[in-house]
Amino acid sequence: MKLLQSFEYKSNCGKSSETRSLIQHYCLYSTNKNNPKVAIVIDKPFLATNGNGNIFENGVGIYLQEILLKCGLKEDDIYITYAIKCISNLKAGAKDCKIARTHLIEELKEINPELVILMGADSVYTFFNVRRNLKETRFRFIEQDGLKATATFSLSSIYIDPSNIQHIINDIKWALGQRELKPLEIYNIKLVNDIKILNEFFDWVKDKKCISLDIETNMLSPYTKESKLLTIGIGDS
């Protein structure tokens, strides 16, 4: 994929003009600012460049390039922006999201994409102006301010769980009509039926501070002598 050119967006995001100019230099990437197929909204400015403005050669930008390629999205199909252009610290807060919302909606209406894909919780919060979890916003289209949107995991979540890159690809392919939704995907459920998946489970569970446990038996009471264990369900939310 070729380098996507950056350009400034002139809205006042509540910071000094000096701070804005530093951030806006790399906050938007597009070769098509007029009715692109997809506008991808990344939560906040953390994509490093290689010094030439190329976001695809460092850090999670490499993952982003892989995602776009595997989803068949070409340079002219996409517009990439940040939900929050300026943040007071490394972690965006409610105030940052609320300040950024007006400018994000204005920006998206100006380019008029066919579909908005929100990556991460802060993108969802900024766009909808309310906290909504991924279960509410994945695998469904939601209209907001005349814009059609859906959501997926953040790019930074790939560092925490590398399998999220495939979830993101699947989410975007579903949104583009390239694949059908499998029943269990919306809940991110995995069936442990071999050693490989069992080891993946152990890697996943070892760092959890709190988990939920559910069992299914062949009888209403699991304590009767005749009761047999059928499945064990373990989750973190």
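Here, the structure is the one placed above.
Please read all numbers here as calculations on a predicted model, not as lab measurements.

1. Quick look at the overall build of the chain
Looking only at helices and strands, the chain has eight helices and eight strands in total. Evaluated residue by residue, the chain yields a buried proportion of 43% over its 237 residues. In the chain, the share of contacts with a sequence separation of at least 24, taken over all contacts with a separation of at least 6, comes to 62%. Here the chain displays about 13,600 Å² of accessible surface, and carbon together with sulfur accounts for 53% of that area.

2. Examining helix 3 (residues 94-111)
For helix 3, spanning 18 residues, the distance from its first C-alpha to its last is 26 Å, which sits close to the expected 26 Å at 1.5 Å a residue. The largest bend along helix 3 measures about 35 degrees and falls at Arg 101. Among all positions of helix 3, only Asp 96, Cys 97, Ala 100, Arg 101, His 103, Leu 104, Ile 105, Glu 107, Leu 108 and Ile 111 are buried. Looking one or two residues beyond helix 3, the residue adopting positive phi is Asn 112, at roughly 55 degrees.

3. Points about the packing of aromatic side chains
The full count for this structure, using the stated rule, is six aromatic pairs. Arranged with centres 5.0 Å apart and planes meeting at 90 degrees, the rings of Phe 127 and Phe 128 form a pair that is edge-to-face. On the numbers, 6.0 Å between centres and 35 degrees between planes, the contact of Phe 201 with Trp 204 is tilted. Here Phe 201 and its partner Trp 204 are both found in helix 8 (residues 195-205), three residues apart, which amounts to about one turn of the helix. The rings of Phe 139, Phe 141 and Trp 174 are connected pair by pair, giving a single aromatic cluster.

4. Digging into the packing of helix 2 (residues 60-70) against helix 7 (residues 164-175)
The relative placement of two packed helices comes down to the angle between their axes together with the axis-to-axis distance. Following both chains from N to C, one finds helix 2 and helix 7 inclined at 35 degrees, their axes separated by 10 Å at the closest point. In this structure, the crossing between helix 2 and helix 7 has a hand that is right-handed. Here helix 2 contributes Tyr 63, Glu 66, Ile 67 and Lys 70 to the contact with helix 7, which in turn contributes Ile 165, Ile 168, Ile 169, Ile 172 and Lys 173. Of the residues belonging to the contact of helix 2 with helix 7, the class tally is six nonpolar, no polar and three charged.

5. Notes on the nonpolar core
Counting 26 residues, the largest nonpolar core has Ile 42, Ile 67, Leu 73, Leu 155 and Ile 172 as its most contacted members. For this core, the secondary structure elements donating two or more residues are strand 2 (38-42), helix 2, strand 3 (78-82), strand 4 (115-119) and helix 7. Here this core gets six residues from one element, more than from any other, and that element is helix 7. Ala 39, Cys 97, Ile 142 and Leu 147 belong to the second largest nonpolar core, which has 21 residues in total.

Conventions we followed
- Residues numbered from 1 in each chain as written.
- Predicted model: local features only at pLDDT ≥ 70, side-chain atom pairs only at ≥ 80, totals over all residues.
- Heavy atoms only, no water.
- Helix = DSSP H or I, 4+ residues; strand = E, 2+ residues; numbered from the N terminus.
- Buried < 20%, exposed > 50% of the residue type's maximum accessible area, 1.4 Å probe, protein only.
- Contact = heavy atoms within 4.5 Å.
- Areas by Shrake-Rupley, 256 points an atom, 1.4 Å probe, with all protein chains shown as cover.
- Expected span 1.5 Å × (residues − 1).
- Bend = angle between axes of the 7 residues up to and from the residue.
- Phe/Tyr/Trp six-rings, centres within 6.5 Å; stacked < 30°, edge-to-face > 60°.
- Axes fitted to C-alpha atoms, helices over the stretch in contact; angles between N-to-C directions.
- Left-handed = near helix turned anticlockwise from the far one by under 90°.
- Nonpolar A, V, L, I, M, F, W, Y, C, P; charged D, E, K, R; others polar.
- Core = buried A, V, L, I, M, F, W, Y, C linked by side-chain atoms within 4.5 Å.

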